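Now for the letters of each chain:
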Amino acid sequence: MRIGIIGVGTVGSGVVEVIEKKRDELHAKFGVLLEIAGVAAKTENELAPFKAKGYKVFTNVNELLEDESVSVICELAGGYEQPFKWIQKALEHGKHIVTANKALLAKYGHEIFPLAEKKGCHVLFEAAVGGGIPIIRSLQESLVGNNVESLSCIINGTCNYILTRMSAEGLSFEEVLKDAQRLGFAEADPSFDIDGIDSAHKTALLASLCSGSFVDFEKIHVSGIREITAQDIQCIKELGGVVRLLGLYNKVGDKVDARVHPCIVPDDHLLAGVNYVLNAVYLHCDNLGPTLQTGAGAGRLPTASAVVADLVSLARSVETGHREPLPMGWFQKKNSADLVPIGDTGARYYFRFVTKDNYGVLAKLTGILGENEISIESILQKNTKNREKVDIVVTTEKARESSVQKAIAKIDSLPEISEKSRMLRFLE
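Residues numbered from 1 in each chain as written. Predicted model: local features only at pLDDT ≥ 70, side-chain atom pairs only at ≥ 80, totals over all residues. Heavy atoms only, no water.

Participant: Give me the overall build of the chain: which residues, what numbers.
Facilitator: Counting its secondary structure elements, the chain contains 14 helices and 18 strands. With respect to the principal axes defined by its C-alpha atoms, the chain has extents near 80 × 45 × 35 Å. The buried share of the chain, reckoned over its 428 residues, is 53%. Taking as baseline every contact in the chain between residues at least 6 positions apart, the subset at least 24 positions apart corresponds to 72%. Per element, the accessible surface of the chain, about 18600 Å² overall, is 49% carbon and sulfur. (Helix = DSSP H or I, 4+ residues; strand = E, 2+ residues; numbered from the N terminus. Buried < 20%, exposed > 50% of the residue type's maximum accessible area, 1.4 Å probe, protein only. Contact = heavy atoms within 4.5 Å. Areas by Shrake-Rupley, 256 points an atom, 1.4 Å probe, with all protein chains shown as cover.)

Given below as C-alpha cells:
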C-alpha cells in the first residue's frame, strides 16, 4: 500500500520512523507492505531529512494528492481549513484517509464521512482520540455486542498533569502551568487545552460513535480548569476525592447528554488513579459492564503507533478486498443528536463559599439552598481565624443543575459573600 504523508512534525516523523522499523515485521506477520510514496510539508528545510533518505518530497500538497500511485493519504499536519480541502480532494480522487486530526473531524466530519461513504473510501482516525489507546476501534468493532450506556474520559494530558501535580504537591494552578510549559507538557498559549476545547473535540467524536448520531462539539457544555484552586483541591482531598477534567457521555432516553467539565472523582473509582499525562476512557456497557482503557494520550511514538495500526488495518481491508468501509454516513447534521441541556442534568455538588464571619450567614446559605430544593449532605467551616474570609464547604445530595445555578447566583449577591462561590460536580 503506497502512502502519502502530509505533515512531518511530531506525529508525522514518528509515523515514518515506526514504518521504517516495523515494515519487515508487519509484512511477515500480516502480509501487507507499507510503502511511503511521498512526504509533503511547507518547506524544503522540513523535508530535507526525508529527502536525504530517498523519499519523494513535495512542498505542493496537490502534487501528492494527484499522484495516481498513492492509495492512502495520511493527514498529520493539523488545523482546520486547509486539511479539510486536502481530504476532500483526496476522497474525490478515490484515496483513503488516515488522520490524527480530532479538531478537523469534530468540525468537518459531518461533511468528510458522508463523502467518504459516497466514494467508497475508508476514513480511519484511531490516533485522533486518546493517542495510543485503541478506543475508536473498540467502539466501532469490539463493542458492537453492547450499547454504551455511559462514558467518562480523561482525554487531555496537559490538564491531567496540572491537576495531578496540584493535588500531589499543593501547588497553585499558575505555578504548575508555568512548569508544564517549561517541560513541554503545555503550549505557550494553553487555552486550547485548559479551557476544555481539545477535550470537547474528542468527547464529541466519542459521543457520536456511542450514540450513532452527530454530536456537535460547538453545542455541548464545556468548561475548563482555569478556576480550580489549590484550596479546592485540598478540601476535595479531605473529602476523599480528586479533581479531573472529564469528557462525559450518557444516553438519556432518546437524548444525548454530552459535556466537558471538571469533576470530583472518588478515590475508589478507577479514574482516580489515572495521573499526570496519562489518558483513560471508562465505559459502562449493557452487557460488558464497566471497563477502563488507559495509556499514553499523546506523544510522538504512542500516537504514531495508532496511525500505523490504522494503516495496517486499511491495507488488510483494501488490498485483500474483503471489507467495505465502516458506515459513518450518519455522521452529518441532519442526524444531529438531541442534546440534554446542561440545566436539565443532575449531580451531587461541592460548594465553597467565602464569607464574612457574620451572625446568620450559615442560615442564609442553607435557606437559599433549601428554597431551590438542594439537600445538604455535609457542611464544614474552615479558616475561622480570619473573620473577613471564612470558608464554608458544602456537599449536597443529587440536585438539578438549573436549581444550583439559581442558588449560586442568589448567594453571590449577598453582602456577606467575600469571593465568587466555587462549584464542582461529583462524578456519578
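Participant: Pulling in residues and values, what's your account of the pattern of salt bridges?
Facilitator: A full pass over the atoms with the stated rule returns 27 salt bridges. Of the charged contacts in the structure, one is a salt bridge between arginine 300 and glutamate 17, with a shortest N-O distance of 2.5 Å. A residue pair is termed long-range when its members are at least 10 positions apart, and arginine 300 in helix α12 (residues 300-320) and glutamate 17 in helix α1 (residues 10-30) qualify at 283 residues. Judged by relative accessible area, which is 32%, arginine 300 ranks as partly exposed. Between lysine 29 and glutamate 25 there is a salt bridge; the shortest N-O distance is 3.3 Å. Highlighted residues: lysine 29 and glutamate 25, both in helix α1, separated by four residues, approximately one helical turn. Using a relative accessible area of 58% as the deciding quantity, one classes lysine 29 as exposed. Put simply, Arg165, Glu169, Asp179 and Arg182 are held in one network by salt bridges that share partners. (Salt bridge = Lys/Arg side-chain N within 4 Å of Asp/Glu carboxyl O.)

Participant: Quick one: what's the story with the nonpolar core, residue by residue and with numbers?
Facilitator: Within the largest apolar cluster, 81 residues are counted, with the highest numbers of intra-cluster contacts made by Leu91, Ile112, Ile135, Leu139, Ile225 and Leu283. In terms of residue count, the dominant contributor to this core is helix α5 (residues 102-119) (eight residues). In contact with leucine 283, not counting residues within four places along its chain, are Ile135, Leu139, Leu143, Val148, Ser150, Leu151, Gly289, Pro290 and Thr291. Counting 33 residues, the second largest nonpolar core, distinct from the first, contains Val8, Tyr55, Leu76 and Ala315. (Core = buried A, V, L, I, M, F, W, Y, C linked by side-chain atoms within 4.5 Å.)

Participant: I'd like to hear about the packing of α5 against helix α10 (residues 197-211), residue by residue, with values.
Facilitator: Each packed pair of helices is defined by two parameters, the angle between the axes and the distance between the axes. At a minimum axis distance of 9 Å, the contact between α5 and α10 shows a crossing angle of 60 degrees. It follows that α5 is oblique to α10 by the angle criterion. Between α5 and α10 lies a crossing of left-handed hand. When α5 is examined against α10, the residues Lys102, Ala103, Leu105 and Ala106 are found in contact with a partner set consisting of Asp198, His201, Lys202 and Leu205. When grouped by side-chain class, the residues that make up the contact of α5 with α10 number four nonpolar, one polar and three charged. (Axes fitted to C-alpha atoms, helices over the stretch in contact; angles between N-to-C directions. Parallel < 35°, antiparallel > 145°, perpendicular 65-115°, else oblique. Left-handed = near helix turned anticlockwise from the far one by under 90°. Nonpolar A, V, L, I, M, F, W, Y, C, P; charged D, E, K, R; others polar.)

Participant: An account of the pairing of strand β7 (residues 148-154) is requested, with residue identities and associated values reported.
Facilitator: For β7, the buried fraction is high: six of the seven residues fall into the buried class. Summarising the sheet, β7 and strand β11 (residues 278-285) pair through six bridges and their orientation is antiparallel. From the neighbouring strand, valine 148 faces β11, where its bridge partner is cysteine 285. Relative to strand β9 (residues 241-252), β7 is paired through four bridges, and the arrangement is antiparallel. The partner of serine 150 across the bridge, within β9, is asparagine 250. (Pairing = 2+ DSSP bridges.)

Participant: Provide a residue-level description of the packing of helix α6 (residues 135-142) against α10, including the pertinent values.
Facilitator: Viewed as axis vectors pointing N to C, α6 and α10 meet at an angle of 10 degrees, and their least axial separation amounts to 10 Å. By the criterion of interaxial angle, the relationship of α6 to α10 is roughly parallel. Residues Ile135, Ile136, Leu139 and Gln140 of α6 pack against Leu206, Leu209 and Cys210 of α10. The residue makeup of the contact of α6 with α10, split by class, is six nonpolar, one polar and no charged.

Participant: Please provide a residue-by-residue account of the state of the cysteines, values included.
Facilitator: Applying the stated criterion across every chain, the model contains zero disulfides. With no disulfide of its own, cysteine 153 has cysteine 210 as its nearest cysteine by sulfur position, at a separation of 9.2 Å. Using a relative accessible area of 0% as the deciding quantity, one classes cysteine 153 as buried. No disulfide involves cysteine 159; its sulfur sits 12 Å from that of cysteine 153, the nearest cysteine. (Disulfide = S-S within 2.5 Å.)

Participant: Lay out the sheet that holds strand β5 (residues 96-99) with the relevant residues and their values.
Facilitator: On the basis of which strands lie adjacent, the open sheet formed by six strands has the order β3-β2-β1-β4-β5-β6 and parallel pairing. Where the open sheet ends on each side, the last strands, each with one partner, are β3 (57-58) and β6 (123-124). Two strands pair when backbone bridges link them, and strand β4 (residues 72-75) and β5 are joined in this way by four bridges, in the parallel orientation. What sits directly across from glutamate 75, in β5, is threonine 99.

Participant: Help me get a handle on unusual backbone geometry, residues and values and all.
Facilitator: The phi angle at tyrosine 276 is positive, at roughly 55 degrees, despite the residue not being glycine. In this structure, tyrosine 276 sits in the loop between β10 (255-266) and β11. Residue classification places tyrosine 276 among the partly exposed positions, given a relative accessible area of 37%. Positive phi, close to 60 degrees, is recorded for glutamate 373, a residue that is not glycine. Here glutamate 373 lies in the loop between α13 (361-371) and β15 (376-382).

By themselves these figures say nothing about function.
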